[in-house]
Amino acid sequence: MVVALYNRILSDKSKQVKQMNDLEYDELADSTLLAVEQAIEDADADLDYESHGGLLSISFADKSKIIINKQPPLHQLWVATKFNGHHFEWHGDKWIDNRSGAEFWQLLNDAAAKQAGKPLNLAP
């Protein structure tokens, strides 16, 4: 259900050319965080998470974390991994890191795999 909601919102947002307003940002960012939570639940890995107030903390067996949090004034999602930090902005139909150009789900999968020590798929 969460994945279906995420895909519906993604489809609606990708049709827009204008910059999103605060309500649209909140809907998109919240659905992304929910999709990550669902992916963690579905993953065959030793992961745990806590979510509150626009912040999602993913904990790994080695006690490392990935932190994903909303940045409403900037309309961004920030991701902090064991290795570095990333600031994602909505471009077309994807969250893109404004420094490296990496796509959100690919970066999340790569970082989670490094921290878990095995391949993971956290994309919806």
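Residues numbered from 1 in each chain as written. Predicted model: local features only at pLDDT ≥ 70, side-chain atom pairs only at ≥ 80, totals over all residues. Heavy atoms only, no water.

1. Examining the nonpolar core
Right, on to step 1. Of all hydrophobic cores here, the largest spans 29 residues; its most connected members are Val36, Ile58, Ile66, Ile68, Trp95, Phe104 and Leu108.
Right, on to step 2. Looking at this core, the elements with two or more residues in it are α2 (22-42), β2 (55-60), β3 (65-71), β4 (76-80), β5 (85-91) and α3 (104-116).
Right, on to step 3. In terms of residue count, α2 provides more of this core than any other element does, eight residues in total. (Core = buried A, V, L, I, M, F, W, Y, C linked by side-chain atoms within 4.5 Å. Buried < 20%, exposed > 50% of the residue type's maximum accessible area, 1.4 Å probe, protein only. Helix = DSSP H or I, 4+ residues; strand = E, 2+ residues; numbered from the N terminus.)

2. Focus: the sheet that holds strand β6 (residues 94-97)
Right, on to step 1. Pairing is antiparallel across the open sheet formed by six strands, whose spatial order is β1-β2-β3-β4-β5-β6. Among the strands making up the open sheet, the edge pair consists of β1 (47-52) and β6. Averaged over all pairs of adjacent strands, the angle between strand axes in this sheet comes to 20°, irrespective of strand direction.
Right, on to step 2. Examined bridge by bridge, β5 and β6 share four bridges and lie antiparallel to one another. Residue pairing in the sheet places His91 in a bridge with Lys94 of β6.
Right, on to step 3. Set on the sheet, α3 makes contact with β2, β3, β4, β5 and β6; between it and β3 the angle comes to about 155°. (Pairing = 2+ DSSP bridges. Axes fitted to C-alpha atoms, helices over the stretch in contact; angles between N-to-C directions. Contact = heavy atoms within 4.5 Å.)

3. A closer look at the confidence of the model for the protein chain
Right, on to step 1. For the protein chain, per-residue confidence averages 87 on the pLDDT scale, and 85% of positions sit at 70 or higher.
Right, on to step 2. The lowest-confidence element of the protein chain is helix α1 (residues 2-14), averaging 50 in pLDDT; the highest-confidence one is β4, averaging 98.
Right, on to step 3. Within the model, pLDDT remains below 50 along residues 13-17, and this stretch shows eight contacts once partners closer than five positions in the same chain are excluded. (pLDDT = per-residue confidence, 0-100.)

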